[in-house]
Structure formats: C-alpha cells, structure tokens
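Chain residues, written in single-letter form:
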Amino acid sequence: QVQLVESGGGLVQPGGSLRLSCAASGSIFSISAMAWYRQGPGMQRELVAQITSIGSTHYVDSVKGRFTISRDNAKNTGLLQMNSLKPEDTAVYYCNAVITGRDGNVNVYWGQGTRVTVSS
C-alpha cells in the first residue's frame, strides 16, 4: 500500500510564502514523475508544476518565477515552494506521483489535498 500525504497549507496574506510537502510512504521501489495540481473554487483541477526523476521541471505560466518544485529522492518527498502568493493562487493543492511498487506494478497516486488560502 502506497500513500501520499501533503502538509504545509494554510492562510497567508498576498505576497507571502508557503511551502507544501508531499511524503510518499509504503511499498515503494521508485518514484518517477511527481507533480502538484490545484483546484480553485468552481474551477477544474489544473497542473501547477511537475518534476521528473532526473529533476527536469515544468510550470504552468501563471506560477513561473514564483513557485519552485523540488524533490528529495532519498526521502521520497516532494516540495512546492510558493512565493509572492496571489489571491488567485487560493485552491486545494494535490500531490501526484507515478510510483513503481516493490511488486513491479506502476500506479498513479494522489494525496488527500491541502488547502491554501491567500487573503488579507
């Protein structure tokens, strides 16, 4: 059984920063791509940032220059550093990972989500 657990969400003022963490646990052999998605009020879930196993990154245009995705492969952890936050960044943020289990099966896993609210 594999689980992704996010942490680090909360309420922050515009211009502030938050760091989200995603910890993968369970019967893990390897993790390829990790990503962060978000779903704002009344919005569809969108990809925010993605990082491959070798560290290549991709960002949605709206967060480029403000958000940084990273990962610690030794700890099976993904991070999303969010700076210069704007009210439009308000959403539930979800961690996503493609994980090969010790049984050799490859599956896509989602975390439960962590809420980020940017408001004065």
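Residues numbered from 1 in each chain as written. Predicted model: local features only at pLDDT ≥ 70, side-chain atom pairs only at ≥ 80, totals over all residues. Heavy atoms only, no water.

A. How the structure looks around the overall build of the chain. Of regular secondary structure, the chain possesses zero helices and 11 strands. Mapped in sequence order, the helices and strands of the chain form the string β-β-β-β-β-β-β-β-β-β-β. What you see for the chain is a C-alpha radius of gyration of 14 Å, in line with the 14 Å of a compact globule of 120 residues. Its C-alpha atoms give the chain principal-axis dimensions of about 50 × 25 × 25 Å. Every one of the 120 residues in the chain was classed for burial, and the buried ones make up 40%. Taking the contacts inside the chain whose residues are at least 6 apart along the sequence as the reference set, 55% of them involve residues at least 24 apart. A total of about 6400 Å² of accessible surface is found on the chain, and carbon and sulfur atoms cover 47% of it. (Helix = DSSP H or I, 4+ residues; strand = E, 2+ residues; numbered from the N terminus. Rg over C-alpha atoms; globule rule 2.2 N^0.38 Å. Buried < 20%, exposed > 50% of the residue type's maximum accessible area, 1.4 Å probe, protein only. Contact = heavy atoms within 4.5 Å. Areas by Shrake-Rupley, 256 points an atom, 1.4 Å probe, with all protein chains shown as cover.)

B. Examining the side chain of Arg66 more closely. With respect to the helices, strands and loops of the structure, Arg66 is situated in the loop between strand 6 (57-59) and strand 7 (67-72). Classification of Arg66 as buried rests on a relative accessible area of 10%.

C. Molecular detail of the sheet that holds strand 7. Overall, antiparallel pairing links the four strands, which are arranged 1-3-8-7 in an open sheet. Of all the strands in the sheet, just strand 1 (2-7) and strand 7 have a single pairing partner and so form its edges. Across the sheet, the mean angle from the axis of one strand to that of its neighbour is 15°, orientation sign disregarded. As paired strands, strand 1 and strand 3 (residues 18-26) are joined by six bridges and run antiparallel to one another. In the strand pairing of strand 3, Gln3 is matched with Ser25. (Pairing = 2+ DSSP bridges. Axes fitted to C-alpha atoms, helices over the stretch in contact; angles between N-to-C directions.)

D. Looking closely at the environment of Val2. Considering the arrangement of structural elements, one finds Val2 in strand 1. For the pair Val2 and Asp89, spaced 87 residues apart in the sequence, the C-alpha separation amounts to 28 Å. Ignoring any residue separated from it by four or fewer positions in sequence, one finds Val2 in contact with Ser25, Gly26, Ser27, Ile28, Ile99 and Tyr109.

E. Seen up close, the nonpolar core. Membership of the largest hydrophobic core comes to 28 residues, with the highest contact counts inside it found for Trp36, Phe67, Leu80, Met82, Tyr93 and Ile99. Listing elements by their share of this core, those giving two or more residues are strand 1, strand 3, strand 4 (28-39), strand 5 (46-51), strand 7, strand 8 (77-82), strand 9 (91-101) and strand 11 (114-118). (Core = buried A, V, L, I, M, F, W, Y, C linked by side-chain atoms within 4.5 Å.)

F. Fine view of the side chain of Arg38. Along the chain, the position of Arg38 falls in strand 4. Judged by relative accessible area, which is 5%, Arg38 ranks as buried. At 2.7 Å, the side chain of Arg38 forms a polar contact with the side chain of Glu46. Of the polar contacts made by the side chain of Arg38, one reaches the side chain of Tyr93; its length is 3.0 Å. Each residue touching Arg38, except ones within four places of it in the same chain, is listed here: Gln44, Arg45, Glu46, Val48, Ser62, Val63, Phe67, Asp89, Ala91, Val92 and Tyr93. (Polar contact = N/O pair within 3.5 Å; in protein donor to acceptor, adjacent residues only side chain to side chain.)

None of the figures reported here should be taken as evidence of function without further support.
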